[in-house]
Amino acid sequence: MLYRTFVLCILVRNTWSSSWKSEVEEGSKVHFPPWFKFGSATASHQIEGAWNASGKTPHIWDVFAHTVPGAISDGSNGDVACDSYRLWREDVKMAADLGLDFYRFSISWPRILPSGFPNHINEEGVRYYRELMDGLLEVGIEPVVTIYHWELPQSLQDLGGWTNPLVVDWYADYARVLFTLYADRVKTWITLNEPMVFCEATYTLGSHAPGILSPGIGNFLCNRHALLAHAKAWRIYDQEFRHKYHGKLALTNNLLWFEPDEGHGDEVAELVRELGAGMYSHPIYSKEGGWPPVIEKIIAERSRRQGYPKSRLPPFTKEEIKFIRGTYDFYGFNYYTARLARWAKPGEVLGKWPHFGTDELNISLVVKPEWKKSPLDWFIIYPEGIRRQMKWLKRKYGNIEIFIMENGLANIDPRLDDTDRVDFYREHLRQVLLSIYEDGVNVTGYTAWSLMDNYEWIDGYHSKFGLYAVDFSDSERRRTPRASAFYYSSVVRTGSLVLPATYTSYTASSSKNALSYITIVINFMLALSLIK
Ligand code: GBH
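Caption draft 1: Highlighting the overall build of the chain. A count of helices and strands for the chain gives 18 helices and 15 strands. By the burial criterion, 59% of the 532 residues in the chain qualify as buried. Across the chain, every contact between residues at least 6 apart in sequence was considered, and the portion connecting residues at least 24 apart equals 76%. Counting only carbon and sulfur atoms, one obtains 56% of the accessible surface of the chain, whose full area is about 20600 Å².

In structure tokens, the structure reads:
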């Protein structure tokens, strides 16, 4: 009897998923599994404003924008941004209107710890995030919290920031404060947002705050300390908080997907994948831990040839390798764009972002002429990249849970009828479906970047990523939903990429599709039969 149930379940399930498969392939009606979670994201400096209010001290991005001429393309800063420090209730309402399962936001280190250290905890800052979390929980939205989205207190930068080994303890002490304050409310934590970006754009390119050019030295110190800091925070949670709160932690990596240029083998693409993804993943997710061996070898040889007595990439000790390895509960993945990789021509000058130390490998990155362009130089649109990247992660590190923590399109015009963004979301989500049903990738969530237009770092207010438009000339920073907000909320509520015929606004349908419930039942039966 059990066996028959089992076979029946498999049959039904396979029929189910094969019909899904063809749906995915044909691009007709498509559904996400019922357990799949949808959310949207922001980051503190990009939305909060209140840069010097209620006890907050300056961080590296405040100082960078205020003091370095030309650092921010439109000369702006994040002093007011979306004014979310004051208007956070509107943000919660937007998240609720969209029907999100979760909202990802970040906490500003110097708003909680004005000296950078836990000697003084700023009550006003603590209250702000507590109210935001409670506001979300009240309307059934899970808070997903990024501990560090690039706002290093300036006081710590003055001591060397991410190049000082002590930053590992500074960061871990800060993380422990957050766990103590909020672990009862927050079950999903992101330790660091895109260490690859905050190390490489800062030290290799000198373009991100604090803008210190130290290619081949600073980036590797930062990389090393970011991994140790992450691992230390993960272990603190694991030892002191997990048994009580049962949360999940990981860092999130911005991965550019690389393919070989015409006439080049996969070797060149694989090498640059090890530099971009591997340097920030291999130490944590691989079985053996440590730096990707191929990169470690190349940098050691180059360093020797350049006359350095030791490798510019400081090796990990055996204890450190063990300390970092396995410090994850999922893989946080931010995806925007892709490049073709090819061997650089002699004397070729490699451009700015997304070149990040690829000269160490003698690799140049180019754009495939067929790829769709966005209005931003660095941003070509390649939806297949999100799927191929996840397949690569599965192949390299096993079938780990992947959580897409950012994906979205930038525009430069404030138009509400953003059909290009609707297409972007639809096409990328279709690739995510293929990952689930075709590749068996264990991807469990998707995050749209961003809930609203915001302060886009060195690009100021020029780039707009929002599901909601924000009027930055209005003192009330009026937020207005775009077409993409309506589309995304339909996806969130129906679990389907196709707008229901009856769908007119995001209050039209409030339950997940019936199909999803049938899947729950089938999976439940299957699980039961497997257990017995
Ligand atoms: C993410 O970075 C960030 O997590 C998020 O805060 C940000 O808003 C979002 O993506 C969109 O950018 O101006 O030519 O030098 C993604 C990686 C790195 C992409 C810096 C843009 C600057 C390009 N970003 N890069 S350029």
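Caption draft 2: Highlighting the nonpolar core. Counting 163 residues, the largest nonpolar core has W162 and Y171 as the members making the most contacts within it. Looking at this core, the element that brings in the most residues is helix 10 (residues 218–245), giving 13 residues. Not counting residues within four places of it along the chain, the set of residues in contact with Y171 comprises W109, I147, Y148, W162, T191, L192, A229, H230 and A233.

Caption draft 3: A look at the side chain of H428. Within the secondary structure layout, H428 lies in helix 16 (residues 419–437). With residues up to four places along the chain from it excluded, the contact list for H428 reads Y335, I381, Y382, P383, I386 and N407.

Caption draft 4: Representation of the sheet that holds strand 9 (residues 363–366) within the structure. Overall, mixed pairing links the three strands, which are arranged 6-8-9 in an open sheet. Because the sheet does not close on itself, it has two edges, and the strands there are strand 6 (257–260) and strand 9. On average, each strand axis in the sheet is inclined to that of its neighbour by 40°, with strand direction left out of account. Pairing of strand 8 (residues 338–343) with strand 9, which is carried by four bridges, proceeds in the antiparallel orientation. Within strand 9, the position partnered with R342 by the bridge is S364.

Caption draft 5: Region of interest: the sheet that holds strand 12 (residues 402–406). Taken in spatial order, the eight strands close into a barrel running 1-2-3-4-5-7-12-13, and their pairing is parallel. Along the sheet, successive strands turn relative to each other by an average axial angle of 25°, direction set aside. Bridge count for strand 3 (residues 142–148) against strand 4 (residues 188–193) is four bridges, and the pairing is parallel. From the neighbouring strand, Y148 faces strand 4, where its bridge partner is L192.

Caption draft 6: How the structure looks around the environment of T419. Looking at the secondary structure, you find T419 in helix 16. Taking C-alpha positions, T419 is 9.7 Å from Y487, a pair spaced 68 residues apart along the chain.

Caption draft 7: Inspection of helix 17 (residues 483–494) at higher detail. In this model, helix 17 (twelve residues) spans 17 Å end to end at C-alpha, consistent with the 16 Å of a helix rising 1.5 Å per residue. When you tally the buried positions in helix 17, you get ten out of twelve residues, the bulk of the element. Looking only at helix 17, the buried set comprises S484, A485, Y487, Y488, S489, S490, V491, V492, R493 and T494. Lining the buried residues of helix 17 we find strand 1 (37–41), helix 4 (84–98), helix 16, strand 13 (443–449), strand 14 (468–470) and strand 15 (479–481). Just beyond helix 17, the residue with positive phi is G495, at close to 70°.

Caption draft 8: Layout of the site of the ligand. Close to the ligand lie 17 residues, the nearest being Q46, E194, E406, E456 and W457. Within the side chain of Y336, a nitrogen or oxygen atom sits 3.3 Å from an oxygen atom of the ligand. Relative to its free-state accessible area of 570 Å², the ligand is covered by the protein chains to the extent of 92%. Tallied by class, the residues present in the shell around the ligand amount to nine nonpolar, five polar and three charged.

Caption draft 9: Broad picture of the pattern of salt bridges. All told, the structure shown has 34 salt bridges when counted by the stated rule. In this structure, R342 engages D261 in a salt bridge whose closest nitrogen and oxygen atoms are separated by 3.8 Å. Placement of the pair is R342 in strand 8 and D261 in the loop between strand 6 and helix 11 (266–276), with a sequence separation of 81 residues. The pair formed by R342 and D261 is uniform in burial state, with each residue classed as buried. Ionic pairing is found between K372 and E427, a salt bridge with its closest N-O pair at 3.4 Å. With K372 in strand 10 (residues 372–373) and E427 in helix 16, this residue pair connects regions lying 55 residues apart in the sequence. One network of salt bridges, with partners in common, ties together D266, E270, R273, E274, R395 and K396.

Caption draft 10: Molecular detail of the packing of helix 9 (residues 195–204) against helix 10. In contact at an axis separation of 8 Å, helix 9 and helix 10 are set at 160° when each is read in the N-to-C sense. Viewed along their axes, helix 9 and helix 10 adopt a mutual orientation that is roughly antiparallel. Of the two elements, helix 9 crosses helix 10, and the hand of that crossing is right-handed. On helix 10, the residues that touch P195, F198, C199, E200, Y203 and T204 of helix 9 are G218, N219, C222, N223 and A226. Each residue belonging to the contact of helix 9 with helix 10 can be placed in one class, and the counts come to six nonpolar, four polar and one charged.

Caption draft 11: Spotlight on the side chain of E406. The topology assignment puts E406 in strand 12. Residue E406 is classed as buried on the basis of its relative accessible area of 4%. At a separation of 3.2 Å, a polar atom in the side chain of E406 contacts the side chain of N334. Aside from chain neighbours lying at most four places away, what touches E406 is R104, H149, N193, E194, F333, N334, Y335, Y336, T447 and W449.

Calculation rules
- Residues numbered from 1 in each chain as written.
- Predicted model: local features only at pLDDT ≥ 70, side-chain atom pairs only at ≥ 80, totals over all residues.
- Heavy atoms only, no water.
- Helix = DSSP H or I, 4+ residues; strand = E, 2+ residues; numbered from the N terminus.
- Buried < 20%, exposed > 50% of the residue type's maximum accessible area, 1.4 Å probe, protein only.
- Contact = heavy atoms within 4.5 Å.
- Areas by Shrake-Rupley, 256 points an atom, 1.4 Å probe, with all protein chains shown as cover.
- Core = buried A, V, L, I, M, F, W, Y, C linked by side-chain atoms within 4.5 Å.
- Pairing = 2+ DSSP bridges.
- Axes fitted to C-alpha atoms, helices over the stretch in contact; angles between N-to-C directions.
- Expected span 1.5 Å × (residues − 1).
- Near = heavy atom within 4 Å.
- Polar contact = N/O pair within 3.5 Å; in protein donor to acceptor, adjacent residues only side chain to side chain.
- Nonpolar A, V, L, I, M, F, W, Y, C, P; charged D, E, K, R; others polar.
- Salt bridge = Lys/Arg side-chain N within 4 Å of Asp/Glu carboxyl O.
- Parallel < 35°, antiparallel > 145°, perpendicular 65-115°, else oblique.
- Left-handed = near helix turned anticlockwise from the far one by under 90°.

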